[in-house]
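Architecture and fold: a report
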Amino acid sequence: MSTAMSYQSIYSFVSQQSSTISQSSRQPLLLPTKCLKIDSSLCYYTSRRKRNLSKIETISSQISVSYNTTLLSPSKNIIPDNSQKKSNEAALILIRHGESLWNAKNLFTGCVDVPLTEKGVEEAIEAGKISNIPIDVIFTSSLIRAQMTAVLAMIQHRRKKVPIILHNESDQAKSWSQVFSEETKDQSVPVIPAWQLNERMYGELQGLNKQETAERYGKQQVHEWRRSYDIPPPKGESLEMCAERAVAYFEENIEPKLAAGKNVMIAAHGNSLRSIIMYLDKLTCKEVISLELSTGIPLLYIFKDGKFMKRGSPVGPTEAGVYAYTKRLAQYRQKLDESSEVICS
Ligand SMILES: O=C(O)[C@@H](CO)OP(=O)(O)O
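Parameters at a glance
Residues numbered from 1 in each chain as written. Predicted model: local features only at pLDDT ≥ 70, side-chain atom pairs only at ≥ 80, totals over all residues. Heavy atoms only, no water. Near = heavy atom within 4 Å. Polar contact = N/O pair within 3.5 Å; in protein donor to acceptor, adjacent residues only side chain to side chain. Areas by Shrake-Rupley, 256 points an atom, 1.4 Å probe, with all protein chains shown as cover. Nonpolar A, V, L, I, M, F, W, Y, C, P; charged D, E, K, R; others polar. Helix = DSSP H or I, 4+ residues; strand = E, 2+ residues; numbered from the N terminus. Buried < 20%, exposed > 50% of the residue type's maximum accessible area, 1.4 Å probe, protein only. Lys, Arg positive; Asp, Glu negative; His and termini not counted. Salt bridge = Lys/Arg side-chain N within 4 Å of Asp/Glu carboxyl O. Contact = heavy atoms within 4.5 Å. UniProt positions renumbered as here; feature names shortened; annotations may be inferred. Phe/Tyr/Trp six-rings, centres within 6.5 Å; stacked < 30°, edge-to-face > 60°. Lys NZ or Arg CZ within 6 Å of the ring centre and 35° of its normal.

Below, the discussion takes up the site of the ligand. Taken together, Arg96, Asn103, Leu107, Phe108, Thr109, Gly110, Glu199, Tyr202, Lys210, Arg226, Arg227 and Asn271 form the complete shell of residues around the ligand. Here an oxygen atom of the ligand and a side-chain polar atom of Asn103 are 3.2 Å apart. Between the ligand and Arg227, the relevant distance is 2.7 Å, taken from an oxygen atom to a side-chain nitrogen or oxygen of the residue. Isolated, the ligand exposes 310 Å² of accessible area, and the fraction of that covered by the protein chains is 95%. Tallied by class, the residues present in the shell around the ligand amount to 3 nonpolar, 4 polar and 5 charged.

As structure tokens, then:
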């Protein structure tokens, strides 16, 4: 996977180890177009749901936000639960599923429900070791590769809570899967599947080999189908179409949990997460083209006062293409590993 150079330029401030991070202010203007290209460096897509309008937001200021020591500092002891954390902030962890059997075969997958490879299983387990952050709720797509990633990550998570997949597809399924012990509920993490977080639907490319498709239709054409914002693959969804449902779901179902102080993990897919990150980071239609997500690499955000602050990915420097990797977070991860015996005992 290629390293997206634009991350380095856009987010170089993160890796400078400063204790400040820039944050865009939100200034919605009521303009009836999609991602307007007045000036792509100033144009930010958010969601058009509800009012069916886009917002243009301009970077207006940088605000200083100090690192949250509660969430990021390694500790020899398990961090106290949510009752002791600041109520107006919450952690958001995004994980693209581990490698799937079709990733390994280089096939367009989209909404085809393909499980993880052994490597994907290992990536998911590894992803669960990332932090000591207590997870209150997990959202996944309805596809098994994302669900496998979520539950495998939780098996390794330091809190040792049991991920329980909620079955709300019918009243009977809901009623038959109830838990009647408050204590057991406390030791569980609800996993909420949502089709809206599924991978973009790749239309008539699903099941085709990516390399062969590039040879047949040309690299440029296939790159546009794969990474452009608004060009859909034949009979499939563009990133913009995928964002319509994924970002709307995020705003309606996930943001309220964060606003209530719940720490949330989302296990989903390359393109559904690209669309959510575009919304969180206010990326332009142009910037999102070079946004690549590695499989099984968790990305951390802090939600505070209605704003999302990127904290990068607490993984090692060996991962090319890791989004917003920072040295500081790699050190944090290393220290966690060193102290894991104490934490897990
Ligand atoms: O095949 C797919 O569904 C996706 C993710 O694996 O591929 P791409 O990276 O081309 O968007």
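To continue, consider the side chain of Arg200. Along the chain, Arg200 falls in the loop between strand S4 (188–193) and helix H10 (210–217). For the buried Arg200, no salt bridge is present, and the opposite-charge side chain at shortest range is Glu199, 5.8 Å distant. A distance of 3.1 Å separates a polar atom in the side chain of Arg200 from the backbone oxygen of Arg226. What Arg200 contacts, discounting residues up to four positions off in sequence, is Gly110, Cys111, Trp225, Arg226, Ile231, Pro233, Glu237, Ser238, Leu239, Cys242, Arg245 and Asn271.

Enumeration according to the criterion identifies 7 salt bridges in this entry. A salt bridge links Lys119 to Glu99, with the nearest nitrogen and oxygen atoms 3.8 Å apart. With Lys119 in helix H6 (residues 118–127) and Glu99 in the loop between strand S1 (89–96) and helix H5 (101–104), the pair connects residues that are 20 residues apart, well separated along the chain. Judged by its relative accessible area of 45%, Lys119 falls in the partly exposed class. The partner of Arg245 in a salt bridge is Glu237, and the shortest N-O contact between them spans 2.5 Å.

Per the UniProt record, "active site" (unreviewed entry) is annotated on His97 and Glu199. Spanning 103 residues, the annotated positions come together in the fold, the maximum distance between their C-alpha atoms being 10.4 Å. Examined against the element boundaries, His97 turns out to sit in the loop between S1 and H5. For His97, a relative accessible area of 2% gives the class buried. If we skip the residues at most four places from it in the chain, His97 touches Asn103, Leu116, Arg145, Ala146, Thr149, Ala268, His269, Thr295 and Gly296. Of the polar contacts made by the side chain of His97, one reaches the side chain of Arg145; its length is 3.3 Å.

To continue, consider the packing of aromatic side chains. Overall, the coordinates contain 6 aromatic pairs when judged by the stated rule. Where Phe250 meets Tyr279, the ring centres are 5.9 Å apart and the plane angle is 70 degrees; that geometry is what we call edge-to-face. Pair noted here: Phe250 is in helix H12 (residues 239–259) and Tyr279 is in helix H13 (residues 270–281), with a separation of 29 residues, a long-range link. Here Phe250 matches Tyr279 in class, with each residue buried. Ring geometry for Phe250 versus Phe308: centroids 5.7 Å apart, planes at 50 degrees, classification tilted. Of this pair, Phe250 sits in helix H12 while Phe308 sits in strand S7 (residues 307–312); the two residues are 58 residues apart in sequence, bridging distant segments of the chain. Of the two residues, Phe250 and Phe308, neither departs from the other in class, the shared state being buried. An aromatic cluster is built from Phe250, Tyr279, Phe303 and Phe308, whose rings are joined through pairwise contacts. Over the aromatic face of Tyr202 sits the side chain of Arg200, whose NZ or CZ is 4.6 Å from the ring centroid. If you follow Lys210 out to its NZ or CZ, it ends over the ring of Phe108, 5.3 Å from the centre.

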